[in-house]
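Reading the structure
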There are 2 protein chains.
Amino acid sequence: MSLSKLTGEFLSDEQISSLNAAAKRARAAALTMVSAAKSGHPGGAFSSMEMFLSVYGIANLTPENCSDLNRDYVVISHGHTSAGVYAALSEWGFVDREEAMAHFRNCGSAFQGHVTREVPGIDWGTGNLGQGLSAGAGFALAQRANNYNGRVYVLMGDGGQTKGQLAEARRIAVKENLTGLVALVDWNDIQISGNRNKVMPCDLKALWAADGWEVIEVDGHSFKDLYNALKNAGSHGKPSVLLCHTVIGKDGLKMEGIPDYHGKPVTPEMYDEIMKHLGEDPATLTKALERRKQGPSYKGRKIDYPAAPVIETGTPFNYEGAKVSDNRGAFGKALADVGKLNYKKDGKTPILVFDCDLKPSVMTGGFMNEAPDNFIQCGIQEHCVATMSGTASIAGVVSLWADFGVFGIDEVFNQQRLNDINHAGNKTVLTHVGLDVGEDGKTHQCIDYVGLLHNTFGWKLVVPVDPNQTDRATRWMLATPGDICLAVGRSKIDGLKEFAGDYKFEYGKAVKLREGKDGSIFALGYTAQIALKAADTLASEKNLNVAVWAVSCPLSPDMDAIKEAAKTGVILTVEDHHVNTGMGAIMVIEAARAGIALPKFKNLGVNHYGASGTSDQVRKEMGIDADSIVKEFLQVK
Amino acid sequence: MSLSKLTGEFLSDEQISSLNAAAKRARAAALTMVSAAKSGHPGGAFSSMEMFLSVYGIANLTPENCSDLNRDYVVISHGHTSAGVYAALSEWGFVDREEAMAHFRNCGSAFQGHVTREVPGIDWGTGNLGQGLSAGAGFALAQRANNYNGRVYVLMGDGGQTKGQLAEARRIAVKENLTGLVALVDWNDIQISGNRNKVMPCDLKALWAADGWEVIEVDGHSFKDLYNALKNAGSHGKPSVLLCHTVIGKDGLKMEGIPDYHGKPVTPEMYDEIMKHLGEDPATLTKALERRKQGPSYKGRKIDYPAAPVIETGTPFNYEGAKVSDNRGAFGKALADVGKLNYKKDGKTPILVFDCDLKPSVMTGGFMNEAPDNFIQCGIQEHCVATMSGTASIAGVVSLWADFGVFGIDEVFNQQRLNDINHAGNKTVLTHVGLDVGEDGKTHQCIDYVGLLHNTFGWKLVVPVDPNQTDRATRWMLATPGDICLAVGRSKIDGLKEFAGDYKFEYGKAVKLREGKDGSIFALGYTAQIALKAADTLASEKNLNVAVWAVSCPLSPDMDAIKEAAKTGVILTVEDHHVNTGMGAIMVIEAARAGIALPKFKNLGVNHYGASGTSDQVRKEMGIDADSIVKEFLQVK
C-alpha cells in the first residue's frame with residue numbers, strides 16, 4: 001500500500017501518479033472479483049473508481065478509526081458497485097485484496113454482493129437505490145448533535161437519481177444547512193435499460209439546483225478535479241453535489257460504454273486483455289479461484305446494535321382514574337421529561353426527535369419546547385426520515401421518529417427493514433394505530449404494524465395498555481439499544497394501578513390483570529381495558545371468572561402465560577389489528593412450535609377495512625367492543 | 001342545483017356569479033359537515049373550494065357517466081379536504097347535500113373522513129399524501145391505451161408537494177407526454193406545523209419546471225382565472241400544473257389564514273358568524289345533527305373489482321425435463337404470448353406492462369417486442385409505478401408490473417395496501433423472491449412477500465412450483481379481476497409433468513406430488529422440488545414414504561390437504577420465506593381456526609438474514625436444502 005491520505009491545498013503530480021496506479025490495480029481487483037464470482041457489476045465499479053479512491057483518500061475515515069463515532073462517514077448508495085468499493089478499500093488498507101478477489105459473493109464471506117457494514121469502511125449496507133443521501137443526512141445530523149465538525153460523503157449512481165426519496169433528502173439537507181454533506185453522482189449516463197435520458201429523462205443539474213444545492217460538474221476520472229472539488233465542497237454555505245462525468249466500464253477496453261456490463265462478468269478473453277491493459281497478470285484469476293475453493297476466512301467485523309446510550313430516564317409519572325390520558329399524550333410527556341433531563345448535558349447522549357409535520361397529533365411538541373435544537377422538522381417526507389433516523393441512531397445519538405402508524409411503518413416498510421439489516425437503533429413511535437385513529441377512516445387505520453414487523457428479525461414492538469405503561473415503556477425504549485417501535489392509540493383511556501407506582505416495564509412479559517378459572521382473554525395494548533369490561537359482564541351476568549392478560553409485546557409471546565391460560569379451557573384473543581397477522585396469530589404459531597395444545601380458541605380482530613367514525617363506533621362495527629367480546633366468549637365456551 | 005357544465009371559450013359574468021354563489025353554499029355545507037362530525041379539515045376545504053367547483057364543472061365527469069371507463073378522471077390527492085369535496089360534488093349533483101352534512105364521518109356513511117370511491121365523482125380513495133399524481137398518470141395511460149382523448153385532473157395540497165413520489169410521477173408524465181394530465185396545487189402556504197417554507201422549504205415553481213411541466217400561476221379563488229388556465233392546459237405540448245394561490249380558510253372570517261383550522265372544527269360562535277357571512281342559516285347545523293341521530297341512509301355506490309378483461313389467453317407451453325427454465329422466464333414467455341395475441345386487436349382489453357429498469361431480469365422484454373406501445377418504461381421509480389399500475393387497472397386496461405420482490409412489495413407496501421383498499425386489479429409480478437436471488441445478498445432477498453400480503457384482505461398470491469404452473473398461472477392472472485401477485489424465483493428448475501399438458505391452475509388448491517403415509521411435507525413454490533429430493537432420500541435410505549404437497553397459494557391454505565396430511569402423523573413445512581410469517585405459519589393459524597389438531601409439526605424457513613452466494617449455497621446455509629429437510633423430518637418424526 002503506497003498511498004497516503006490526501007491532504008494539502010492540491011494534489012502533487014506524484015500523488016496523482018500514485019492514485020492513477022492505484023486505480024489500475026483496483027480495477028484489476030474488481031474485475032477479478034466479478035470473474036471469480038461469475039456475477040457482479042463491473043461497469044459501475046469501473047466508472048466510480050476514481051470517486052471511490054478520492055473519497056476514501058480525503059475522508060477522515062481510516063482502518064483505525066472506522067468503528068469510532070466522531071469521524072467522517074461514507075455512504076455508497078449504489079451498493080451494487082461493491083467490487084469496485086472493496087478494491088478501493090484494499091488500496092486504502094481497510095481490507096485484504098487477495099481475500100476480496102477470492103471470496104467476492106462467496107457464501108459466508110464479508111464481501112457480499114451489495115456492500116454491508118461488516119466490511120470496514122462501509123457505514124451503511126445498501127443496494128436498494130435512492131436511500132443513500134437520506135443515510136448521509138442522518139450521519140450529518142448525528143455529527144452536528146455531537147459537535148463534530150466533519151464531513152459525510154454520499155456516492156451514488158445516476159440511474160437512482162430519479163427515486164423520489166432522494167429529493168426528500170436534498171431538501172432536508174438544505175433546510176438543516178448540512179454543509180458538511182457532500183454528494184457525488186457517477187454520471188455515466190447508462191443504466192440497465194440503456195441511455196439514462198431515454199429510460200427516464202431527468203435534468204440532474206436543474207433538480208439539484210432547484211432544491212438549493214451547490215452543483216459542481218467535474219471529470220469523474222480526474223483525481224485532480226475530484227480533489228479540488230472535494231476540498232472546496234461546502235464553501236458556498238450550501239450542501240454540495242459533484243456531478244461526476246464518467247464512462248461506464250472506464251479503462252476496461254471493450255467494456256467501455258457498454259450497458260451490458262452493468263451487471264455481468266466479462267468473457268475470459270476479455271478478462272485477459274483487460275488485465276494486460278491494466279498492467280496486471282491474467283493469472284490472478286486462477287489464483288483467486290484456487291483460494292476460493294478453500295472457503296472464505298474473513299467474515300468481516302462484527303456489527304452489533306449501537307451501545308446503550310448514556311441518558312437519565314427520570315422518574316415515571318403516575319396516571320390515575322378514568323380516561324385520564326391518551327397513550328400518545330403519556331408518550332409525549334415522558335419524552336419531554338427525558339428530553340429536558342439530558343438536553344445539552346455533558347456526557348449525555350444527545351436525543352434527536354424527527355417530525356413529519358404531525359407534531360400536534362404525535363405529541364412531540366413538549367420535547368421541542370424542552371430541547372429545541374434537537375427537534376428536527378422534516379416536513380411530509382417519511383421515506384427520508386425512516387432512513388435518516390436509522391443512520392443517526394448508529395452514529396452516537398438516540399434518534400426517535402414519531403408518526404401516524406400508516407406513515408411510520410406501512411409507507412416505509414422497506415426502509416425499516418434495512419434499518420433492521422443494518423442493526424440500527426431507530427426508535428419509531430407509531431401513534432394512531434389500530435382502529436383508534438378517530439374518524440380518518442380506512443386509509444389511516446394502521447391495522448398491520450404487528451404483522452409487518454413480524455417479518456423482521458431484530459425489531460422489538462411495544463403496545464402499551466395504559467398511560468402508566470406508556471410512560472415506563474417510553475423511558476425504557478430511549479435507554480435501550482436496537483430498533484424499537486412503540487405503538488400507541490389516539491383516545492383517552494384509563495390509568496391502571498397495575499402499571500403505576502413501582503411497576504417496571506419488562507419486555508416480553510404479559511401482565512395478568514384479572515384472575516379467572518373459567519377461561520382466559522389475551523388482549524393487545526389498550527384493548528385489554530375493553531376486555532376487562534367484558535370480564536366484568538361475564539362475572540356479573542354469567543357468574544364466569546375469566547382471566548384477562550394484557551399483552552404489550554406481541555412479537556414475543558409470553559409462553560408461561562399461554563401455558564397457564566391453556567389450562568382454563570378457553571382462550572379468546574382480542575386486538576384491533578388484522579386478525580390474520582397480529583398478536584393472536586403469533587400466539588398460535590408459537591404455541592404450535594412449543595408443543596402447547598391450545599384449548600377452545602378464537603381470535604378476534606380486524607377482518608375487513610374499518611369504517612370512518614368515532615373509535616367506539618368503528619370498534620363496535622368490527623366486533624371488538626365489550627359486548628361482542630362477551631358474546632364471542634360465550635360462543636367459544 | 002342551478003349550475004350547468006362549464007363550456008365555451010370563457011365564462012360569462014352570469015356563470016361566474018352562479019359559481020360564486022355555489023362556492024358560498026358549498027363552504028357552508030363543508031363547515032356544517034365538520035361541525036356536525038366534530039372533526040375534519042375545514043381550512044383546506046375552504047381554500048380548495050373554487051378549484052373543486054371548477055374542475056368538476058369543466059371535466060367530462062357527471063353523475064351519469066362517473067362509473068363509465070372512457071371519460072375524464074378526477075383525483076383528489078389531499079383527501080383530508082373531503083368535506084369540501086363532498087360539498088362541491090353536491091353542487092354538481094353527484095351527492096345529496098343534506099345527507100352529507102348530516103353524516104359526514106358517521107360510521108357506515110359514504111362520506112368518510114378521507115375521500116373514497118364509494119362517493120360518485122371520486123375516482124381514487126386517498127389520504128396518504130403524495131400519491132395523487134401517480135394515480136392520475138395511471139388513469140391517463142389507461143385513457144391513451146383505449147384511444148380516449150380525455151383529461152385527468154389531479155388536485156393536491158401544497159404540504160404534500162415535498163413527497164418524493166410526486167417527483168417520480170412528474171417525470172413519468174413528461175416522458176409519456178401525458179398532456180391531458182392537469183395538476184392543480186392548492187398553494188395556501190400553510191401546513192400543520194405552520195408556514196410551508198419554514199416547515200420544509202421547497203421551490204414549487206422551480207421543481208415542476210425542472211421536471212419539464214408547463215407551470216401556470218393563478219388566483220385559486222378566481223373562477224375566471226381557473227377556467228382560462230384549465231381551458232388552455234396542455235396546449236404547450238406538456239403536462240400542465242396550475243399553482244393556485246389561495247388562502248387557507250378563505251371566506252371563513254376568523255378561520256382565514258389560521259393553521260389551526262387545518263384539522264379542527266370552529267367554535268359554535270364562529271360557526272354561526274361564518275354561516276351568516278356566507279348567507280346561510282346557522283340552524284343548518286341543528287337540522288344536520290337531528291338527522292345524524294337517525295344514522296346514515298346512504299352508503300354510497302358499490303365498488304367492486306374491475307370487470308374481467310376481454311382477452312385471449314392462448315395455449316399454454318409445456319416445459320419438460322431438468323432445469324428446463326426459470327419461473328421468471330416462463331412468466332415472460334407466457335406474457336409475451338398473451339401480449340401478442342391481444343395487441344391492438346379490436347374488442348380486446350389493452351394490456352399495459354410497466355418496467356422499472358429491470359426488463360432483462362424480470363423478463364418483460366418479450367412482451368415489449370410483441371406489444372411495444374403497451375410497454376411503459378418508468379425508470380427506477382417504484383412508488384409511482386405501484387400506484388399508477390393500480391389506477392390504470394380500474395380504468396379499462398390489464399396492468400401488470402414486474403419487479404424484484406423487495407421493490408415490488410417491500411418498498412411499496414403502502415401503495416399496494418391502498419390498491420387493495422381501492423379494489424384495484426393490479427397484477428404484480430415479483431421476481432427474485434425468497435433466497436433465489438443469486439448472489440445479491442440480504443438486502444435483495446424478499447423473504448416477506450407472503451407475510452406482507454397476508455396483512456391485506458383482497459390480494460391473491462401465487463407462488464408457482466415450476467415453469468408449467470408459472471405459464472398457466474400467468475395466463476389465469478391476466479384474465480382474472482382483482483389484485484394478484486405472482487412470485488417467481490431466478491434459477492432454472494425442472495418442468496414437472498403434474499403441471500404440464502391439461503393441468504389447469506386452480507387458486508387455493510395444493511397439489512400432491514407424492515403419496516406417502518409416513519408423514520407429509522408441505523413446500524412453497526419451487527421448494528417443492530427440493531422436498532421431492534428429500535422424499536426420495538427418505539424412501540431410499542430410511543424406507544419412509546412421505547407425502548409431498550406443493551403449495552402455490554399460501555394465503556389460502558388447502559384445508560382438505562391439511563386434514564389429509566394430519567392423519568400421516570407428521571407435518572413438515574418448507575419455504576424460503578421468513579419462518580414466522582409464511583406458508584407454514586398461515587397453515588397453523590388456519591388449522592387452529594378450523595379446529596384441526598396438527599400432528600407432530602415443524603416449519604422450516606428463513607430464520608435470519610441470508611448470505612451472499614449462489615442460491616444453492618444460501619439455501620444450504622439456511623437449512624432449506626434436501627439434506628436438511630431429511631434431517632429435520634427424521635428429528636420431528
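First, a word on what this report is: a plain description of the structure on this page. Since the structure is predicted, the reported quantities are computational estimates derived from the model, not experimental observations. (Residues numbered from 1 in each chain as written. Chains lettered and ligands numbered in written order. Predicted model: local features only at pLDDT ≥ 70, side-chain atom pairs only at ≥ 80, totals over all residues. Heavy atoms only, no water.)

This paragraph deals with the packing of helix 1 (residues 13–37) of chain B against helix 3 (residues 49–58) of chain B. The description of two helices packed together rests on the angle between their axes and the distance between the axes. Residues and elements named next belong to chain B. Two elements in contact, helix 1 and helix 3, have axes whose closest approach is 10 Å; the angle formed by their N-to-C orientations is 120°. Between helix 1 and helix 3, the crossing angle belongs to the class labelled oblique. As helix 1 packs across helix 3, the resulting crossing turns out to be right-handed. In contact with Leu-19, Ala-22, Ala-23, Ala-26, Arg-27 and Ala-30 of helix 1, helix 3 contributes Met-49, Glu-50 and Leu-53. (Axes fitted to C-alpha atoms, helices over the stretch in contact; angles between N-to-C directions. Helix = DSSP H or I, 4+ residues; strand = E, 2+ residues; numbered from the N terminus. Parallel < 35°, antiparallel > 145°, perpendicular 65-115°, else oblique. Left-handed = near helix turned anticlockwise from the far one by under 90°. Contact = heavy atoms within 4.5 Å.)

For the rest of this paragraph, the subject is empty space enclosed by the protein. Scanning the model with the defined rule gives 13 cavities of 30 Å³ or more in all. Computed from the structure, the largest cavity encloses a volume of approximately 80 Å³. In this structure, the largest cavity is lined by 15 residues; those nearest its centre are Asn-580 and Thr-581 of chain A together with His-454, Asn-580 and Thr-581 of chain B. Every element with two or more residues in the lining of the largest cavity is listed here: helix 23 (583–594) of chain A together with helix 23 (583–594) of chain B. The class makeup of the residues in the lining of the largest cavity is six nonpolar, nine polar and no charged. Space inside the second largest cavity adds up to approximately 70 Å³. (1 Å grid on protein atoms, 1.4 Å probe; cavity = no way out; pocket = protein on both sides within 12 Å on 5 of 7 lines; lining within 4 Å. Points joined across faces, edges and corners; volume = space filled by probe spheres on them. Nonpolar A, V, L, I, M, F, W, Y, C, P; charged D, E, K, R; others polar.)

Before going further, it helps to examine helix 11 (residues 268–277) of chain B. Residue and element names in this part refer to chain B. Within helix 11 the residues assigned to the buried category are Met-270, Tyr-271, Ile-274 and Met-275. Buried residues of helix 11 fall within an arc of 130° about the axis and therefore sit on the same side. Structural note: helix 11 exposes Glu-269 and Lys-276 on the side pointing more than 90 degrees away from its buried face. In this structure, the buried side of helix 11 is in contact with helix 1, helix 2 (42–47) and helix 12 (284–292). Positive backbone phi, approximately 80°, marks Gly-279, located one or two places after helix 11. (Buried < 20%, exposed > 50% of the residue type's maximum accessible area, 1.4 Å probe, protein only. Arc of directions from axis to C-beta.)

This next bit is on the interface of chain B and chain A. One frequent convention defines the size of an interface as the accessible area lost when the parts assemble. Counting residues at the interface gives 100 residues for chain B and 99 residues for chain A. Carbon and sulfur atoms make up 55% of the surface buried where chain B meets chain A, a total of about 8,000 Å² over both sides. Partitioning the side of chain B that touches chain A into residue classes produces 33 nonpolar, 44 polar and 23 charged. (Buried area = accessible area lost by both parts, 1.4 Å probe.)

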